[in-house]
Amino acid sequence: MVIANMHRRDNRAFTLVELLVVMAIIALLAALVGPKLFPKLGKGKQSAAKAQIELIGQALDQFRLDVGRYPTGQEGLNALMVNPGATGWEGPYLKKAVPADPWGKPYQYLCPGTHGEYDLFSYGRDGNPGGDGEDKDVASWE
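Residues numbered from 1 in each chain as written. Predicted model: local features only at pLDDT ≥ 70, side-chain atom pairs only at ≥ 80, totals over all residues. Heavy atoms only, no water.

**Student:** Which residues make up the nonpolar core, and what values do they have?
**Tutor:** Among the nonpolar cores identified, the biggest contains 21 residues, and Leu60, Leu77, Leu80 and Leu120 are the most heavily contacted of them. Ranked by residues supplied to this core, first place goes to helix H2 (residues 16-67) with seven residues. Among all residues touching Leu80, those that are not within four sequence positions of it are Ile56, Ala59, Leu60, Phe63, Trp89, Pro92, Tyr93 and Leu94. (Core = buried A, V, L, I, M, F, W, Y, C linked by side-chain atoms within 4.5 Å. Buried < 20%, exposed > 50% of the residue type's maximum accessible area, 1.4 Å probe, protein only. Helix = DSSP H or I, 4+ residues; strand = E, 2+ residues; numbered from the N terminus. Contact = heavy atoms within 4.5 Å.)

**Student:** Before we move on, could you go through the side chain of Ser122 and cite the residues and values that matter?
**Tutor:** By the element assignment, Ser122 lies in strand S2 (residues 119-122). For Ser122, a relative accessible area of 0% gives the class buried. A distance of 3.2 Å separates a polar atom in the side chain of Ser122 from the backbone nitrogen of Gly124. Not counting residues within four places of it along the chain, the set of residues in contact with Ser122 comprises Ile53, Asp101, Trp103, Tyr107, Asp137 and Val138. (Polar contact = N/O pair within 3.5 Å; in protein donor to acceptor, adjacent residues only side chain to side chain.)

**Student:** Summarise the pattern of salt bridges; cite the residues concerned and give the values.
**Tutor:** Opposite charge on two side chains permits pairing when their charged atoms draw close. Scanning the entire structure with this criterion turns up three salt bridges. For Arg69, the salt bridge identified is with Glu75, shortest N-O distance 2.9 Å. Residue Arg69 is classed as partly exposed on the basis of its relative accessible area, which comes to 30%. Of the charged contacts in the structure, one is a salt bridge between Arg125 and Asp135, with a shortest N-O distance of 2.9 Å. (Salt bridge = Lys/Arg side-chain N within 4 Å of Asp/Glu carboxyl O.)

**Student:** Let's hear about the packing of aromatic side chains: which residues, and what values?
**Tutor:** In total, this model carries six aromatic pairs according to the counting rule given. When the centroid spacing of 5.6 Å and the interplanar angle of 90° are considered together, the rings of Trp89 and Tyr93 count as edge-to-face. Side by side, Trp89 and Tyr93 carry an identical accessibility label, which is buried. By way of ring pairs, the aromatic residues Phe63, Trp89 and Tyr93 are connected into one cluster. (Phe/Tyr/Trp six-rings, centres within 6.5 Å; stacked < 30°, edge-to-face > 60°.)

Next comes the structure, spelled out in structure tokens:
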């Protein structure tokens, strides 16, 4: 009886055909779901950029309340973290360093701006003015 059990094969492993079928099903699901999911990633980065611009805008407004003006274009957004020599500065106005946009590029800051007292914007994924979709500019005045 013991000898009969020793010659018995263990059939609990997967065969190559079963593994190929499972991989084909996963590839089919990825092909169906992937194109619908990837555009959402771009919209997520656009939304993150809008939220960051709003946060930086609030810090700029707090700077203006304390100092009486917005940081100049030459002082830039760094004035929110380090006193540029302005009287009344009570920063830092952000909890962390000025963030890069979701595509890893610095935000553009102009003061005086052409759309308001200051312009704060990101050129989007492509890093160039204009564009559509994820390449679209994200700006404080929109």
